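Examination of the molecular architecture
Below, each chain spelled out in residue letters.
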Amino acid sequence: WEIEVRRQSVRIVNDKGIAVDFPELPENGEVLGPWGWILRRDGDGFMLDADDGVERLFAPAAPTENKRGLFRLIRVEDTNRNRISLTHEGGSLREVIDSAGRVIRFPAAPDGRIAAVTLLQFRPTDDGSRLAAFLADGTLVVNEVAERENLMTGETIREIASHVVP
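A short tour of the structure in this document, coming up. (Residues numbered from 1 in each chain as written. Predicted model: local features only at pLDDT ≥ 70, side-chain atom pairs only at ≥ 80, totals over all residues. Heavy atoms only, no water.)

Section: the overall build of the chain
Along the chain, the regular secondary structure elements total 2 helices and 14 strands. Taking all 166 residues of the chain together, 33% fall into the buried category. In the chain, 18% of the contacts between residues at least 6 apart in sequence involve partners at least 24 apart. Element-wise, carbon and sulfur atoms account for 48% of the exposed surface of the chain, whose accessible area totals about 10,100 Å². (Helix = DSSP H or I, 4+ residues; strand = E, 2+ residues; numbered from the N terminus. Buried < 20%, exposed > 50% of the residue type's maximum accessible area, 1.4 Å probe, protein only. Contact = heavy atoms within 4.5 Å. Areas by Shrake-Rupley, 256 points an atom, 1.4 Å probe, with all protein chains shown as cover.)

Right under this line is the structure:
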């Protein structure tokens, strides 16, 4: 998901690549769009309620992306207050943290593509060591503690990786 502020409209591109246009709206304004979607502009960002029980928050993209008016998805929250926070760096997704504290990182290769999908330990007493990594070449590396304690399986990390590694 991302938002692009245009001259006289605001365009939202969803996770399926479908663009939905809204009329431009003033700061702290709200507009009802197609399919009952509500777009609100708050301060520097936007909040989208796509009438699916999930609120999506967007913040301005980094100035280094050289795209004025671009807003990246930074948080998804459902009606039960389950939350997923996303961190972007240089236009690419680099980290995802859920409300339980689980962390998935996407370190970059020298060419900027995703080098691996890394799931870190998430219990408060843990040292943040890597549980598993799915490397871009298809290699799966699972920490022996993760396997022994059944914290994750190769199938789990493959499922996560299938959504982000081409």
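A word on the pattern of salt bridges
Within the structure shown, the criterion is met by 10 salt bridges. The shortest N-O distance in the salt bridge between Arg-11 and Asp-21 comes to 2.8 Å. On the criterion of sequence distance, the pair formed by Arg-11 in strand β2 (residues 9-13) and Asp-21 in strand β3 (residues 19-23) is long-range, its members being 10 residues apart. Overall, Arg-11 belongs to the partly exposed group, its relative accessible area being 22%. Arg-81 is paired through a salt bridge with Glu-77; the nearest N and O atoms lie 2.8 Å apart. For Arg-81, a relative accessible area of 57% corresponds to the exposed category. Accessibility expressed as a relative area gives 7% for Glu-77, which makes it buried. Each of the salt bridges in this network shares a partner with another, and the network as a whole consists of Arg-75, Glu-77, Arg-81 and Arg-83. (Salt bridge = Lys/Arg side-chain N within 4 Å of Asp/Glu carboxyl O.)

Focus: the packing of aromatic side chains
According to the stated counting rule, one finds 3 aromatic pairs in the structure shown. For the pair Trp-1 and Trp-37, a centre-to-centre distance of 5.8 Å together with 40 degrees between the ring planes defines the contact as tilted. Of this pair, Trp-1 sits in the segment before β1 (2-5) while Trp-37 sits in the loop between β4 (30-32) and β5 (38-42), placing them 36 residues apart in sequence. Here Trp-1 falls in the partly exposed class, since its relative accessible area comes to 23%. Look at Trp-37 and you get buried, because its relative accessible area is 8%. Grouping aromatic residues by their ring pairs yields a cluster made of Trp-1, Trp-35 and Trp-37. (Phe/Tyr/Trp six-rings, centres within 6.5 Å; stacked < 30°, edge-to-face > 60°.)

Focus: unusual backbone geometry
Notably, Asp-51 is not glycine yet its phi reads approximately 55 degrees, a positive angle. You can see Asp-51 is positioned in the loop between β6 (45-49) and β7 (54-60). One non-glycine residue, Arg-81, lies in positive phi territory at about 70 degrees.

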